[in-house]
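# Coordinate analysis (summary)
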Amino acid sequence: MITVEWANGLFRFLDQTRLPLEEVYVETADVARVAEAIRRLEIRGAPAIGVAAAFGVVLASRNARSAEEARSSSLAAIQSLAATRPTAVNLFTALDRMSHALKASEDIRDQEGLSTRLLNEALAIQQEDVEACRRIGELGSALIRPGSSVLTHCNAGALATAGEGTALSVIFAAARKNSIVRVYADETRPLLQGARLTAWELMKHGIDTVLITDSTAGVVLRQQLVQAVIVGADRIAANGDTANKIGTYSLAVLAERHHVPFYVAAPVSTIDFSIASGAEITIEERAPEEVTSIAGTRIAPEGVGVYSPAFDVTPNELIAAIVTERGIMAPPFSQTIPALRPQHRV
Ligand code: MRU
């Protein structure tokens, strides 16, 4: 399944706000449309946002008439894309790479040459994510004991990445080895990424999928219906504290209480080596309407107060392992994670 791609000089993406009822692809040559898609969650999931932003910068450079104009419109695009969503670090990692690619091509004097250089960087970011997802699945599936059922939250699948996903890549790889019996998917209020997206992806793979409301997770864990919990991440601090979709922290607490291992799967591009702990992660707050309405229908009284952080931070001590494409990181994360820090910029 293709979530985001470069096709015939245009950026093409699957509009996730319309899934699972309609599969609609949007094509655009406009970086402002890419920024809007990220803000509206038409494109969502940490790695997919990063890849989309990189292609957005390419679009900005292609619409210019000279190399000079391409350089300034690319810089403006980097700024506007960085302001779309604050939590997923992949967005900033990707924009940082685009900004370095721009600086490294100061000798390029024609618009087309500059644009091609930026496109190559965006395609590399995309390809690296495809490969990272594949490796995460391969490595992480070893954590799933044969005959297990697992619980997941939000959507950390193909829709959230350029490849097969992170947490779902582990599940798909384990399913190919016949290790997985059943997957419980939290519906994930308020925007229902679990009900709309994860259930759809799992069922497309023919996996036995059971949808639960978020508040049913406690009972599922207490009844020992699952042998592992596995989720994705939006930003991981150097000590392993992990920001992910709101509700992840509650799941980790429940998993600890019921002695079920809690795993995080994420590419190295989701690790923010510059922050010591999760306390430094900026948590996005979403519009009240996302809570007071479901699919456009109001369900709460007018004027009610709403608190809607989009993410929470799970403290590292609740995490049994973090699966990356460079290996499975075990606690103590403040020793294992810094070893993954990339030494050289590509
Ligand atoms: O608000 P969203 O849908 O972008 O949140 C997505 C998540 O929290 C995912 O779990 C995370 O980005 C990991 S995706 C591989």
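Residues numbered from 1 in each chain as written. Predicted model: local features only at pLDDT ≥ 70, side-chain atom pairs only at ≥ 80, totals over all residues. Heavy atoms only, no water.

### Regarding the packing of helix α3 (residues 67–82) against helix α4 (residues 89–103)
Helix packing for two helices is described by the angle between their axes and how far apart those axes are. Axis separation between α3 and α4 bottoms out at 10 Å; the angle between their running directions is 170°. Relative to α4, the element α3 lies roughly antiparallel. Contacts between α3 and α4 involve Arg71, Ser74, Leu75, Ile78, Leu81 and Ala82 on the former and, on the latter, Leu91, Phe92, Leu95, Met98, Ser99 and Leu102. A per-class count over the contact of α3 with α4 returns nine nonpolar, two polar and one charged. (Axes fitted to C-alpha atoms, helices over the stretch in contact; angles between N-to-C directions. Helix = DSSP H or I, 4+ residues; strand = E, 2+ residues; numbered from the N terminus. Parallel < 35°, antiparallel > 145°, perpendicular 65-115°, else oblique. Contact = heavy atoms within 4.5 Å. Nonpolar A, V, L, I, M, F, W, Y, C, P; charged D, E, K, R; others polar.)

### Considerations on the packing of helix α2 (residues 46–62) against helix α5 (residues 111–140)
Packing of α2 against α5 leaves a shortest axis separation of 9 Å and a crossing angle of 170°. Between α2 and α5, the interaxial angle falls into the category roughly antiparallel. Residues Pro47, Val51, Ala54, Phe55, Val57, Val58, Ser61 and Arg62 of α2 touch α5, and the partners they reach there are Gln111, Ser115, Leu118, Leu119, Ala122, Leu123, Ile125, Gln126 and Asp129. For the contact of α2 with α5, the per-class residue count stands at 11 nonpolar, four polar and two charged.

### Considering the packing of aromatic side chains
For any pair of aromatic rings, geometry is given as the distance between the ring centres together with the angle between the planes. Evaluated as defined, the whole model comprises three aromatic pairs. Relative to Phe55, the ring of Trp6 has its centre 5.7 Å away and its plane inclined at 20°; by these criteria the two rings are stacked. In this pair, Trp6 is assigned in strand β1 (residues 4–7) and Phe55 in helix α2, connecting sequence segments 49 residues apart. The residues Trp6 and Phe55 share a single accessibility class, namely buried. (Phe/Tyr/Trp six-rings, centres within 6.5 Å; stacked < 30°, edge-to-face > 60°. Buried < 20%, exposed > 50% of the residue type's maximum accessible area, 1.4 Å probe, protein only.)

### Some remarks on the pattern of salt bridges
Applying the stated criterion to the full structure yields 21 salt bridges. For Glu284, the salt bridge goes to Arg85, with nearest N and O atoms at 2.9 Å. Remark: Arg85 occurs in the loop between α3 and α4 and Glu284 occurs in the loop between β11 (271–272) and α10 (289–292); sequence separation between them is 199 residues. Neither residue differs from the other here; Glu284 and Arg85 are each classed as buried. For Arg134, the salt bridge goes to Glu131, with nearest N and O atoms at 2.7 Å. One end of the pair is Arg134 and the other is Glu131, both in helix α5 and three residues apart, which spans about a single turn. (Salt bridge = Lys/Arg side-chain N within 4 Å of Asp/Glu carboxyl O.)

### Brief notes about the layout of surface pockets
Empty space among the atoms becomes apparent when a probe as large as a water molecule is rolled across them. There is about 440 Å³ of room inside the second largest pocket. In terms of lining residues, the second largest pocket is bounded by 15 residues, among which Thr17, Leu191, Arg196, Ala295 and Gly296 are the most central. Secondary-structure elements contributing two or more residues to the lining of the second largest pocket are α10 and β12 (293–294). (1 Å grid on protein atoms, 1.4 Å probe; cavity = no way out; pocket = protein on both sides within 12 Å on 5 of 7 lines; lining within 4 Å. Points joined across faces, edges and corners; volume = space filled by probe spheres on them.)

### Remarks on unusual backbone geometry
The omega angle of the peptide bond from Leu19 to Pro20 is 5°, so this bond is cis rather than trans. Within the secondary structure, Pro20 sits in the loop between β2 (10–14) and β3 (25–28). Omega for the bond connecting Pro331 with Pro332 falls within 30 degrees of zero, at 0°, which places this linkage in the cis form. Within the secondary structure, Pro332 sits in the loop between β16 (327–329) and α11 (333–336). A positive phi angle is found at Cys154, which is not glycine, with a value near 60°. Looking at the secondary structure, you find Cys154 in the loop between β4 (148–152) and α6 (167–176). One non-glycine residue, Ala295, adopts positive backbone phi at about 45°. Tracing the backbone through its elements, the reader meets Ala295 in the loop between β12 and β13 (297–298).

### Some thoughts on the sheet that holds strand β10 (residues 262–265)
With respect to topology, seven strands assemble into an open sheet ordered β6-β5-β4-β7-β10-β15-β16, the strand pairing being mixed. Where the open sheet ends on each side, the last strands, each with one partner, are β6 (209–212) and β16. Ignoring strand direction, the axes of neighbouring strands in this sheet form an average angle of 25°. In this structure, strand β5 (residues 180–186) lies alongside β6, joined through four bridges in parallel fashion. Within the sheet, the bridge partner assigned to Asp186 lies in β6 and is Ile212. Against the sheet, α5 touches β10, β15 (321–324) and β16, its axis set at about 135° to β15. (Pairing = 2+ DSSP bridges.)

### What about the environment of Pro301?
Tracing the backbone through its elements, the reader meets Pro301 in the loop between β13 and β14 (311–314). The spatial distance from the C-alpha of Pro301 to the C-alpha of Thr17 is 24 Å, given a sequence separation of 284 residues.

### As for the site of the ligand
Residues in contact with the ligand amount to 17 residues; listed here are only the nearest, Arg44, Arg85, Asp234, Asn244 and Lys245. In the model, an oxygen atom of the ligand is placed 2.5 Å from a nitrogen or oxygen of the Arg44 side chain. A distance of 2.9 Å separates an oxygen atom of the ligand from a polar atom in the side chain of Gln193. Of the pockets mapped on this structure, the ligand occupies the largest cavity. Breaking the shell around the ligand down by element, the ones donating at least two residues are α2 and β9 (242–245). (Near = heavy atom within 4 Å. Polar contact = N/O pair within 3.5 Å; in protein donor to acceptor, adjacent residues only side chain to side chain. Sits in = over half its atoms within 2 Å of the grid points.)

Everything listed here is a matter of geometry and, on its own, says nothing about what the molecule does.
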